[in-house]
Amino acid sequence: MGPTLTPPSTDPLPGLVGFTVVLRNAGLAITTDRVAAFLSALDALDVTDRVQTYWAGRLTLCSDPDDLPRYDQAFARWFEPERGGRTQVRDERPPPPPRLAALTPGDEASGEDGSDSPQIHARASGTEILRHRDLAELTPVEREHLRRLMALLRPEPPTRVSRRLRPSAHGNTDPGRTLRAALRNHGELRELYRRDRSRRARRVVLLVDVSGSMEPYADALLRFAHVVVRRSPGAVEVFTLGTRLTRVTRELRMRDPERALTAAAKAIPDWSGGTRLGEVLRAFVDRWGQRGAARRAVIVVFSDGWERGETDVLREQMGRLRRLAHRVVWVNPHVGKDGYAPVQGGIVAALPFLDDLLAGHSLATLERLLEVVRDA
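This one's a predicted model, so the numbers in the text were calculated from it and none came from an experiment.

## Remarks on the packing of aromatic side chains
Between two aromatic rings, the relevant description is the distance of the centres plus the angle of the planes.
Part 1 of the reasoning: Per the counting criterion, the structure on display carries 11 aromatic pairs.
Part 2 of the reasoning: With 5.4 Å between their ring centres and 90° between their planes, Y54 and W55 make a pair best called edge-to-face. Per residue, the accessibility class of Y54 equals that of W55, and both read buried.
Part 3 of the reasoning: Here the aromatic rings of F224 and F302 are separated by 6.2 Å at their centres, their planes lie at 70°, and the arrangement is edge-to-face.

This is the structure in structure tokens:
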């Protein structure tokens, strides 16, 4: 039995509702539905028990791990004895330590004292919520969970028809194999062998903007690029865009993602700098694109479209890139958000040459990108 609360002399409802107002002022997303759920939970519990009141509020009024410290502080202040308010606390034992819901198997939290405290069974729903969270707004704990989820991605590279022929159950007759089989059977033709064109992985080029405006997303996008490179090391190229062009394919081929990201960060001299998309794309097309990297490839540009240089240069280079590539996809973290419109100079210049303009602010949108690339 936990510490008890002295029953108030008046109706406790105003005091409990006042507690939710304090939480709302502290920054928690307190809605009418959450308040109703809180009061309904207290109807089934002992409102004079501090522990039960604490957990009733925590499970119904907190919607984010960042809410927990603010909730604990507000709870302690609202129900402290000196308040002389509507509900008094007799026992000053602190409430149970905060516990985060495990988003992946093996992450079960346990109390510091070894006792069994209430568990929050929210793996599936927590993972689903995290998939749709904006990458720029994640807490450190959520970023760690995201890295694990991203490591589970299994990108399928796009394919194209090769000029080489291979044995097949369908297709045209293979005269050579058919004749050799007949010779082994003393000239008797028993079966027609066939051949068809094989398929091979189509090259994919990822161009990641690492300028200051893309800094909140750059780390997650490079981790995503690492997953794609590791899946098809010979068919994927990765470059970073900023004030200059940097090839980081070799660094991202390392097996360990942390070592790969560290090596890539050391190789990038213009991290969180300016943006000169037009000039950087011209460097890519001149040095890499025309020599084969972009020919019949799927080009994916990760950028918010902010351009400090001349947009005419960007328009010209996007036209060159479109003539070389099989498909051009632009991924903008702000696409799909409320109130967004493609009015940035870079987006306006590039839009006529794009096959797809996709969102890229969450794990779910990156999974959608993998589907588009696979079907290209």
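That covers the picture; the talk isn't over yet.
## Some details on the side chain of E142
Part 1 of the reasoning: Looking at the secondary structure, you find E142 in helix α6 (residues 140–151).
Part 2 of the reasoning: Relative accessible area serves as the criterion here: at 7%, E142 is assigned to the buried category.
Part 3 of the reasoning: Excluding residues that lie within four positions of it along the chain, E142 makes contacts with D64, P65, L130, R133 and E137.

## Let's talk about the sheet that holds strand β4 (residues 172–173)
Part 1 of the reasoning: Here we have 3 strands laid out as an open sheet, ordered β3-β5-β4, and antiparallel in their pairing. Of all the strands in the sheet, just β3 (159–168) and β4 have a single pairing partner and so form its edges.
Part 2 of the reasoning: As defined by bridge partners, β3 adjoins strand β5 (residues 194–201) across 7 bridges and the pair is classed as antiparallel. Bridging across to β5, P167 finds its partner in R195.

## Section: the nonpolar core
Part 1 of the reasoning: Ranked by size, the top nonpolar core spans 43 residues in total, and within it L206, F224, V238, V300, F302 and L369 carry the most contacts.
Part 2 of the reasoning: For this core, the element with the highest residue contribution is helix α8 (residues 215–231), accounting for 10 residues.
Part 3 of the reasoning: Once residues within four sequence positions are removed from consideration, V300 is found in contact with V205, L206, L207, V329, V331, L369 and V373.
Part 4 of the reasoning: Core analysis: the second largest hydrophobic core is formed by 24 residues, V205, L207, L241 and A297 among them.

## Quick word on the pattern of salt bridges
Part 1 of the reasoning: Scanning the entire structure with this criterion turns up 17 salt bridges.
Part 2 of the reasoning: Residue D174 is joined to R195 by a salt bridge in which the shortest nitrogen-to-oxygen separation is 4.0 Å. With D174 in the loop between β4 and α7 (175–184) and R195 in strand β5, this pair connects stretches of sequence that are 21 residues apart.
Part 3 of the reasoning: The class for D174 is buried, based on a relative accessible area of 9%.
Part 4 of the reasoning: On the basis of relative accessible area, R195 is assigned to the partly exposed category, the value being 31%.
Part 5 of the reasoning: Salt bridges linked by common partners bring E144, R147 and R148 together as one network.

Rules and cut-offs
Residues numbered from 1 in each chain as written. Predicted model: local features only at pLDDT ≥ 70, side-chain atom pairs only at ≥ 80, totals over all residues. Heavy atoms only, no water. Phe/Tyr/Trp six-rings, centres within 6.5 Å; stacked < 30°, edge-to-face > 60°. Buried < 20%, exposed > 50% of the residue type's maximum accessible area, 1.4 Å probe, protein only. Helix = DSSP H or I, 4+ residues; strand = E, 2+ residues; numbered from the N terminus. Contact = heavy atoms within 4.5 Å. Pairing = 2+ DSSP bridges. Core = buried A, V, L, I, M, F, W, Y, C linked by side-chain atoms within 4.5 Å. Salt bridge = Lys/Arg side-chain N within 4 Å of Asp/Glu carboxyl O.

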